[in-house]
Amino acid sequence: MTQGDDSCTTAAEDGTENDQHHPLILERVEKDSGKNWQTVVSHRLKKHCSCTSNKAKSKILGFVPILKWLPRYQLRDWLLGDVMSGLIVGILLVPQSIAYSLLASQDPIYGLYTSFFSSIIYALLGSSRHISVGIFGVLCLLVGQVVDRELALAGYLTESSVVSGNNSVAPLAGQGNDSYGVECDRSCYAITVGATLTFTAGVYQVLMGVLQIGFVSVYLSDSLLSGFATGASLTILTSQIKHLLGLKIPRPQGWFTLFKTWYSLLTNLGNTNICDLVTSLVCLLILIPTKELNDRFKSKLKAPIPFELFVVIIATLASHFGHFNVDYGSGVAGDIPTGFLPPQMPLWSLIPNVAVDAFSIAIVGFAITVSLSEMFAKKHGYKVDANQEMYAIGFCNILPSFFRCFTTSAALTKTLVKESTGCQTQVSGLVSALILLLVLLVIAPLFYSLQKCVLAVIIVVNLRGALRKFTDVPRMWRVNRVDASIWLITMATSALVNTELGLLVGVLVSAFCVLGRTQQAQVLELGRAATREHYEDLSSYCGLRTHPGVAVFRYEAPIYYANQRLFKKSLYKCVGLDPVKEKTRRLKIKMKTSKPPEEVAGVTNMKSGDDEVAGKEVGRPDATVTLMLDQKSACRLHSLVIDCSAILFLDTAGVNALKEIRKDYGELGLQVVLAQCNTSVLDALERGGYYPDKKGGDGGESRIIFFTIADAIRYVQSRSAPNGDLNSKC
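In what follows, the accompanying structure is described.

Parameters and conventions
- Throughout, residues of each chain are indexed from 1 in the direction in which the sequence is written.
- This being a predicted model, a pLDDT of at least 70 is required before a residue's local features are given, and a value of 80 or more before pairs of side-chain atoms are given or counted; all residues contribute to the totals for chains, interfaces and linings.
- Side-chain descriptors were evaluated using all non-hydrogen atoms of the structure, hydrogens and water having been removed beforehand.
- To get an axis, a line is fitted to the C-alpha atoms, and for a helix only the part in contact is used. The angle between two axes follows their N-to-C directions and goes from 0 to 180 degrees.
- Going along the chain from the N terminus, every DSSP run of H or I of four or more residues is numbered as a helix, and every run of E of two or more is numbered as a strand.
- Our angle categories are set so that under 35 degrees counts as roughly parallel, over 145 as roughly antiparallel, 65 to 115 as roughly perpendicular, and the remainder as oblique.
- Each crossing gets its handedness from the near helix: less than a right angle anticlockwise from the far helix is left-handed, clockwise is right-handed.
- By the convention used here, residues are in contact when the closest approach between their heavy atoms is within 4.5 Å.
- Each residue is assigned to one of three groups, with Ala, Val, Leu, Ile, Met, Phe, Trp, Tyr, Cys and Pro labelled nonpolar, Asp, Glu, Lys and Arg labelled charged, and all others, Gly among them, labelled polar.
- Residues belong to a common nonpolar core when they are buried Ala, Val, Leu, Ile, Met, Phe, Trp, Tyr or Cys residues joined through side-chain atoms within 4.5 Å.
- Exposure classes here rest on a 1.4 Å probe applied to the protein chains alone. A residue is buried below 20% of its type maximum, exposed above 50%, and partly exposed in between.
- Residues scored as charged are limited to Lys and Arg (positive) and Asp and Glu (negative), so that His and the chain ends carry no count.
- Salt bridge, as used here: a side-chain nitrogen of Lys or Arg that lies within 4 Å of a carboxyl oxygen of Asp or Glu.
- In protein, a polar contact requires one atom able to donate a hydrogen and another able to accept it; more generally it is a pair of N or O atoms within 3.5 Å, and residues adjacent in sequence count only if both atoms are side-chain atoms.
- Each pair of strands is called paired provided DSSP finds at least two bridges between the two strands.

1. Some points on the packing of helix α5 (residues 75-103) against helix α6 (residues 108-125)
- Running from amino to carboxyl end, α5 crosses α6 at an angle of 125 degrees, the nearest separation of the two axes being 7 Å. Between α5 and α6, the angle falls in the class oblique. α5 and α6 meet at a crossing whose hand is right-handed. For the pair formed by α5 and α6, the contact residues are L93, V94, S97, I98 and S101 on the first element and P108, Y110, G111, L112, S115 and S119 on the second.
- Broken down by class, the residue content of the contact of α5 with α6 amounts to 6 nonpolar, 5 polar and no charged.

In structure tokens:
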């Protein structure tokens, strides 16, 4: 225990102040305890299950937000911005939808389907005005990993065994056909797996919305999501290098896919397709500078220039007239049909195989969507409902899954484009859907000769934002090392070990970091400011005073089962006296001083000797305390005041720890009182039996509640000295 130079004040000053001071007394508001649980449950059921016309209208408008804002749509002020942003995002979606289909191991047409249906459904059900929902790279990676795994389990040919550019090859085994019951080639079974996975993820998201657990997004911190996205981006980048080089190698499964992929790339480097390599380099040299120009001059440009679409058109024409597929063996997109396929049910027998993967996909998709929607809502001054976002993104997955679509979520890049080009409402999403509909009905077959390496270039170029996060690591480390550590661990696990495992590890590391902070909290000794009744840490501020014989301590963390031992250890260390060790020491002294004259009469003599020694020890408890504290303090310590203002809650172990501290120090003659407890702590103390029964012989003094540290100090000082005077001898 550390004492200041001005620790001792005069007894006359404190005595006068004590006489004039009246302790703060507050009366608790009585809670209504007359209702039993049956009444409470009945009341809540009536509240939530009753149906009135106003409540039904409110529920319908809440579930379909477009019915609420569309009648109030400001046609003259908003239409132009919505149409412009919808056109631009729709144009950008065409090449990206085709490209990200490659990442999800699907045919290009299914990427166009996915973007089309998700744009319409979110416009109807979403509560955000600005986010663009569609294909997202990280989710496409997760879907592609599951699809490739299930294709291998079903016995379909790997990509390296495909002879031509299209994926219509016969299965090696009949498992895929038998389980589906119809003729189904590799491409058909791939989208069946993707659609079933998407359906399952959508069901998870809707169930989370029904259970009102949209709050789970708060447990996915920004550093966790950023690290996860960056780690997944490294995996995406690695997976696309084979397309840049024109290599036909299967996607590795399981853990450490990054290393397995690089091993396959290096061993097959001699099979590089020169045509694909040259095309990839040319497209990279065009897209990277032009995308940087778009970013640099986005404040001056009314809309970003769609260089991706220009590259796709030029590359398609070059591939078509140059016969790259026939003459050089370059992989192309293949036949992209027009129109829509009839809806089909998910493959129910496949759901157990993909249930775990679907859950992680559901969490990632929801977290990304809610984070972006809340970010843009805060920027533009409106609110979004997290549970409604859960419904919206859930139905964006459930309904399109019947039309051969895969998982969707909000996408940051397209959302930024949408906002910067004048978007006001989700009417822009409907305009984007019209552009995609035009492509699906008329233009799609024209992309037959589009090389896969061009699609891979588009994917790689769009990873620039996530990969730039590496340059922010030094700044993150300077700002907050805990958040930077979470980012690094999540990123490394997602990239080097397994993508889904990275998310789980990130959540666990974040939780352990929060718990670790409660484990590292230390008891602080407080001192009083010279000019007013304010107490702060003695080791952090100069000029603070302590009271003679009274030490004030603060613990800045909740006390619960995981840290209650650390709290006691820290308190004992700060006080300078461990009551358990002190009682053990006294017991040893008592045993040494007990000398029975005869073995027969030893029992009686030992009892009398023990009583004599015990009487000395118990009669002068402060002698031992003073002896133990003399090295640090010249003043005798008779009371401890624990400031509980920073203790958020107590559990049973925490209450028991405080009871043990009071009991152990009390046996040594030190009084322990609590001050500034919040109502949660007071209720926990009451339920845990910290305060003795009112029938006790202390006249109820032990049940006194101190709302200020000053009241607690004056109380213990008045108890320690006659007539309220303090012992000021130091």
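Now that the structure is up, let's keep going.
2. Details of the nonpolar core
- Counting 109 residues, the largest nonpolar core has L112, Y189, F447 and L450 as its most contacted members.
- The element that contributes the greatest number of residues to this core is helix α15 (residues 351-380), accounting for 12 residues.
- In this view, L112 contacts V94, S97, I98, L436, V439, L440 and A444; residues no more than four positions away in its chain are not counted.
- Formed by 34 residues, the second largest nonpolar core is a distinct cluster that contains V575, L637, C644 and Y691.

3. Description of the packing of helix α9 (residues 186-210) against α15
- Closest axis-to-axis distance for the α9/α15 pair is 7 Å, and the angle between their directions is 55 degrees. Judged on the interaxial angle alone, α15 and α9 are oblique. Between α9 and α15 the crossing geometry is right-handed. Facing α9, whose interface residues are T196, L197, T200, A201, Y204, Q205 and M208, α15 presents I351, V354, A355, D357, A358, F359, I361, A362, I363, G365 and F366.

4. Observations concerning the environment of P400
- Considering the arrangement of structural elements, one finds P400 in helix α16 (residues 386-401).
- Judged by relative accessible area, P400 falls into the buried class, the value being 2%.
- Sequence separation between P400 and G202 is 198 residues; the distance between their C-alpha atoms is 9.9 Å.

5. Some details on unusual backbone geometry
- One non-glycine residue, F256, adopts positive backbone phi at about 60 degrees.
- Position of F256 among the secondary structure elements: in the loop between α10 (222-245) and α11 (257-267).
- For F256, a relative accessible area of 41% gives the class partly exposed.
- A positive phi is found at H323, a non-glycine position, where the angle reads about 55 degrees.

6. Structural notes on the side chain of K418
- Mapped onto the fold, K418 is located in helix α17 (residues 412-420).
- Despite its burial, K418 pairs with no opposite charge; the closest candidate is D82, at 7.7 Å N-O.
- A polar contact is formed between the side chain of K418 and the side chain of Q426, at a distance of 3.2 Å.
- K418 has contacts with S85, V89, H130, I131, S132, C423, Q426, S428 and G429, leaving out every residue within four places of it along the chain.

7. A short note on the pairing of strand β5 (residues 550-555)
- The element β5 is extensively covered by neighbouring structure, given that 6 of its 6 residues are classed as buried.
- Here β5 shows two buried faces, one formed by V550, V552 and R554 and the other by A551, F553 and Y555.
- When strand β3 (residues 523-528) meets β5, the two strands line up antiparallel, connected through 4 bridges. For L526, the partnering residue across the bridge sits in β5 and is V552.

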